[in-house]
Amino acid sequence: MLILGIETSCDETSAAVVCDGRAVRSNVVTSQIALHERYGGVVPEIAARAHIEAIDHIIGRALATAGIAYGDVDAVAVTDGPGLVGSLLVGVTAAKTIAMTLNVPLVAVDHLHAHAVSAALGAESPWPAVSLVVSGGHTSLYHVRDFLDVQLIGQTVDDAAGEAFDKVAAILELGFPGGPAVERLARQGDPRAIRFPRAWLDEAHFNFSYSGLKTAVLYHVHGTGRKYGSTAHLRPEERADIAASFQAALIEPLVVKSVAAAHACGVRNLTLGGGVASNAALRAALARACAEAGLTLHATPTEYCTDNAAMIAALGYHKLTAGQLADLWLEPRAGLARARR
Ligand code: KG4
Ligand code: ZN
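Just so it is clear, the model here is predicted, and its values are computed rather than measured.

## Quick look at the packing of helix α2 (residues 44–66) against helix α3 (residues 85–102)
Relative orientation and spacing of two packed helices are given, respectively, by the angle between their axes and the distance between those axes. It is the contact of α2 with α3, at a shortest axis distance of 8 Å, that shows an interaxial angle of 30 degrees. Viewed along their axes, α2 and α3 adopt a mutual orientation that is roughly parallel. Crossing of α2 against α3: the hand is right-handed. Touching A47, A48, H51, I52, I55 and I59 of α2 are G86, S87, V90, A94 and I98, all from α3. A class-by-class count of the residues in the contact of α2 with α3 yields eight nonpolar, three polar and no charged.

Here it is, written out as structure tokens:
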């Protein structure tokens, strides 16, 4: 069964064709980074307009790369939230139009749910598992019993991990998006150079906190109480040590809490997804901890970590076969659904 997936929740316009929820036939992603870079973050109006301009072309490329025509599509799956409402609206409208024109089922997919089960793309199903989702907007742990049986067991109480990467990149004047830039700089630094705080919160729960870490980096660079400013006073080695030490302080609670959650849920598998999951230091630290704890790590392939439509089409297949269909009244949801809070 061939599912056309569409993802436009933030600043990536993506379309994909996935066969039977697992085999990716195409996954076309265009990033709008160049449009948002000078503002230091995603501008919702600009994002929505760019999606409108790109969507038709991107869907056409996804079909062509998969070697199929519109008539071969069995169902359309689309991200309906959470995300920027103007951006979501473009994908949802395109999906509804295609589903209606082709007279095929329409499936609504939750963006975070898709990240949580993305490790199964092109692989054997790793369930039951604990799934760590680390993205720009979310840092969450789920107990995943099956594709459609996903329970939130912990999340950030303030900033998300990706947000912390982006803010520290801004402090260090590394540009946007910050994650890859901080990771590159961190490779040249010493992760033990500065002891930034780790937020453990209540050890019995699997929640995270990253706003204190971001502030600690800010104060380290500019002194207590200061705001963002020029970092010309930092020597290159200092700058690299800050990046490496920040990254280590961010990763440690993710690793420790994920392993503890796997034990608490009684599962042997840990999965990892979301944009920050493309970070090699995080992948290596989790792999080491899993090996020590006797757990198997299933890290989502890096091409499916940052936002993409393949994960939407894949989960769409499972919802379709379970009869969980949307209709043409589907509307985008900017926030999290009540049950997932
Ligand atoms: O999942 P994603 O593409 O979008 C959301 O759903 O939020 O995640 C984007 C986030 C950004 O904050 C970006 O800085 C971060 O993922 N990111 C990384 C890396 N690549 C992307 N963070 C750390 N290391 C990376 N290599
Ligand atoms: Zn995402």
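## A closer look at the domain arrangement of the protein chain
If you check the domain split of the protein chain, you get domain 1 (2–114 + 307–321) and domain 2 (122–299). Look at where the C-alpha atoms of domain 1 and domain 2 centre, and you get two points 27 Å apart. Opposite the 13 residues of domain 1 that make contact, domain 2 presents 11 residues. In total, domain 1 and domain 2 occlude about 1100 Å² of area from one another, counting both sides; carbon and sulfur atoms represent 68% of this. For the pair domain 1 and domain 2, the interface holds one salt bridge. Linking domain 1 to domain 2 there are three residue pairs in polar contact (both at pLDDT 80 or more). Secondary-structure elements contributing two or more residues to the side of domain 1 that touches domain 2 are α1 (33–36), α4 (111–116) and α10 (310–321). When the residues that make up the side of domain 1 that touches domain 2 are grouped by side-chain class, the tally is five nonpolar, five polar and three charged.

## A closer look at the site of ligand 1
Residues in close proximity to ligand 1 total 20 residues, the closest being G136, D166, G179, E183 and G275. Between ligand 1 and the protein, one listed contact pairs an oxygen atom with a side-chain N or O atom of H115 at 3.2 Å. A distance of 3.3 Å is found between a nitrogen atom of ligand 1 and a side-chain nitrogen or oxygen belonging to S278. If ligand 1 stood free it would expose 550 Å²; the protein chains cover 88% of that surface. In a pocket analysis with a 2 Å cut-off to the grid points, ligand 1 is assigned to the largest pocket.

Criteria and thresholds
- Residues numbered from 1 in each chain as written.
- Chains lettered and ligands numbered in written order.
- Predicted model: local features only at pLDDT ≥ 70, side-chain atom pairs only at ≥ 80, totals over all residues.
- Heavy atoms only, no water.
- Axes fitted to C-alpha atoms, helices over the stretch in contact; angles between N-to-C directions.
- Helix = DSSP H or I, 4+ residues; strand = E, 2+ residues; numbered from the N terminus.
- Parallel < 35°, antiparallel > 145°, perpendicular 65-115°, else oblique.
- Left-handed = near helix turned anticlockwise from the far one by under 90°.
- Contact = heavy atoms within 4.5 Å.
- Nonpolar A, V, L, I, M, F, W, Y, C, P; charged D, E, K, R; others polar.
- Domains from an automatic or database assignment.
- Buried area = accessible area lost by both parts, 1.4 Å probe.
- Salt bridge = Lys/Arg side-chain N within 4 Å of Asp/Glu carboxyl O.
- Polar contact = N/O pair within 3.5 Å; in protein donor to acceptor, adjacent residues only side chain to side chain.
- Near = heavy atom within 4 Å.
- Areas by Shrake-Rupley, 256 points an atom, 1.4 Å probe, with all protein chains shown as cover.
- 1 Å grid on protein atoms, 1.4 Å probe; cavity = no way out; pocket = protein on both sides within 12 Å on 5 of 7 lines; lining within 4 Å.
- Sits in = over half its atoms within 2 Å of the grid points.

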